[in-house]
Structures are given as structure tokens and as C-alpha cells.
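In case you want the letters, here they are:
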Amino acid sequence: MQSTSQKLAEETEQAAVQVSLREWGMSGKQGNVFSGIDLDVPAGAVAIIKGPAGTGKTSLLLSIAGRMRVDTGEGQVGEFDIRKQARRAREEVSVGHIDGLTDLEDDFTLAQHIAERLIMLQPWYKPWVSKSSLREVIDVIRDTFDSATEVIDRLPEGQFSATDARHADFLIDEEGRAFVSELSELQKFLLELGLASLAQAPVVVLDNIDFLRDRGDRARAWAAILIYQELRRQREPERPLTVIASCEDSSEVDLVLEALHTEVSPTSVSELPLTQHPRH
């Protein structure tokens, strides 16, 4: 059966390419991590890097984000050459979830994490954030969840429900006083996406959605990603968000696209399969 993602890809109108790779390759002590990668991701699209553990998905995402060097190939993010302008490429790509890189502090509250991220985005001479600014950001996040719930409420009964939105909502109190340790794995994943989104970069990368063990949580995560992407497209049509995510099993993506097909409109949805290289 033809997948929903394939059908959407075929229906895609021509859009500006946001990420482009040609013969992209990286090697390590045991041989190639990945090689010969050709990839074009239009602005506002969803690209899924799919493959089993050990196929280089994380390294590929980090290389696109300008955080790992490759050995071969050419790569562009927007107008920037990833290999020659890695710093500018990093400004164009936010990292939403990568184990070991975006880990949250269990002893931090949500407000502390949001304040920390806002300070990182400010000039060095302003190492603080006011309560009003913090409150404003929390309100924006809350409004986003409310809008997502409205989308879910419009779906036919039996698909996603408002309960699914509540499962995903990490702002479990109005002031963000809850600690990270109180959140579910899904809420932590979406908090990481929310923190990454504060930079308003045109591209976000998300690794290993399969770490969410519950299939319902993976579906809720994909739904949240697609609804957030749609809300941002509506707010900033000139700067659509491009999503590049990795997983081993993308079956939940098709289920979510089928359910949300009247509510979300990514430029395209495509898959790049990776296979494991033989080790020397």
C-alpha cells in the first residue's frame, strides 16, 4: 500500500530548498558512518531519516546542524555552506532532541529552563530575563497548546482527542513551577522542542523519536510536531519551519498524517532510508 507520506511527496508543489546535501559522507575509526547521502528538503517540509540503530542517523542530523564535521560532499542550509560556514549553519538549525546534547535537568523547573534558554539567546551583556518576559513566553507556549487542542477538537471522534493534547502539555501549571522530574517522557520531548523553537530558526532537527516507548506517545509527538509546524506557518508564512527527524519506525507518521490531513499542510513529507555500513 502506498504510504500517506509518499502520496504527499508526490503532490508537493515546487518549493525553495532549505537543506541540500550531495555525496555527504562521514567516516570514523571503524569505517564509514554514512556516505553518499543526497538529500533535498524544501522549506516547510518534513524529512524523516529512517534506519535501525547504528546507521548514523544522529551523526547525520548533527552534521546538518553544523555540529559535526563530514569528510566528503557538499551541503547547504539556506544560503549557507555547512562545511565552510558552520557557525552560520548552526544559527539556522535548532536541535530539538538529541540524547546527551539536549538533556534536561530534573531539578530545574520549567520556568528555569525557559529562562536559561532565553538568556542564551540574548546578548552577552544581558545575562538575565525579566519576569514579564518569561511570563510572555510561557503565555505564547500556552496559546500554542490551546490552538493545538482546538485543532484536535475539530477531528472526527475516534481519532485524536483533547485528552491526547493534555498528555502532551508540559505546562502543567500556569507559572512553570513544575520540575522536569514531574514530566512524562513525552512532555520532556515536547519541552525540548519548545526550547529549541525559542530561537525561531528555520530548521529543527529531532533525533530518535522511538525513545518514546509507547506507540500512542509517538503518535502524539508527531501530531504535536505537525500542528506546531502548521501554526508557525500560519503566523509566519514567509518563514515556514522545516523539520528533519529520525526514527526506526515511521508508521505512526502515516497514521497521524491520515488523521490530520485536513488540518496540517507540510510542503512535503519524505523519507531517507539509511542502512548500516560494514565495519572494518
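Below you will find a few notes about this structure.

So, how was this worked out
- Residues numbered from 1 in each chain as written.
- Predicted model: local features only at pLDDT ≥ 70, side-chain atom pairs only at ≥ 80, totals over all residues.
- Heavy atoms only, no water.
- Salt bridge = Lys/Arg side-chain N within 4 Å of Asp/Glu carboxyl O.
- Helix = DSSP H or I, 4+ residues; strand = E, 2+ residues; numbered from the N terminus.
- Buried < 20%, exposed > 50% of the residue type's maximum accessible area, 1.4 Å probe, protein only.
- 1 Å grid on protein atoms, 1.4 Å probe; cavity = no way out; pocket = protein on both sides within 12 Å on 5 of 7 lines; lining within 4 Å.
- Points joined across faces, edges and corners; volume = space filled by probe spheres on them.
- Nonpolar A, V, L, I, M, F, W, Y, C, P; charged D, E, K, R; others polar.

### Comments concerning the pattern of salt bridges
By the definition in use, this model includes 17 salt bridges. The shortest N-O distance in the salt bridge between Arg 88 and Glu 91 comes to 3.2 Å. Note that Arg 88 and Glu 91 are positioned in helix H3 (residues 86–92) at a spacing of 3 residues, about one turn of the helix. The residue Lys 188 makes a salt bridge to Glu 185 at a minimum N-O spacing of 3.4 Å. Placement of both Lys 188 and Glu 185 in helix H7 (residues 185–197) is noted, with a separation of 3 residues, approximately one turn of the helix. For Glu 185, a relative accessible area of 41% gives the class partly exposed.

### Some details on the layout of surface pockets
Here the largest pocket is characterised by a volume of approximately 590 Å³. Around the largest pocket, the lining is made up of 30 residues, and of these Val 140, Ile 141, Thr 144, Gly 194 and Tyr 228 lie nearest the centre. At the level of secondary structure, the elements contributing two or more residues to the lining of the largest pocket comprise helix H5 (131–153), helix H6 (162–168), H7 and helix H8 (215–235). For the second largest pocket, the calculated volume is near 460 Å³. As for the second largest pocket, its lining consists of 19 residues, of which Arg 67, Ser 94, Val 95, Arg 117 and Met 120 are closest to the centre. Looking at the lining of the second largest pocket, the elements with two or more residues in it are H3, strand E6 (93–97), helix H4 (110–121) and H7. The element that contributes the greatest number of residues to the lining of the second largest pocket is E6, accounting for 4 residues. Here the lining of the second largest pocket is composed, by residue class, of 10 nonpolar, 3 polar and 6 charged.

Read these as geometric descriptors, not functional statements.
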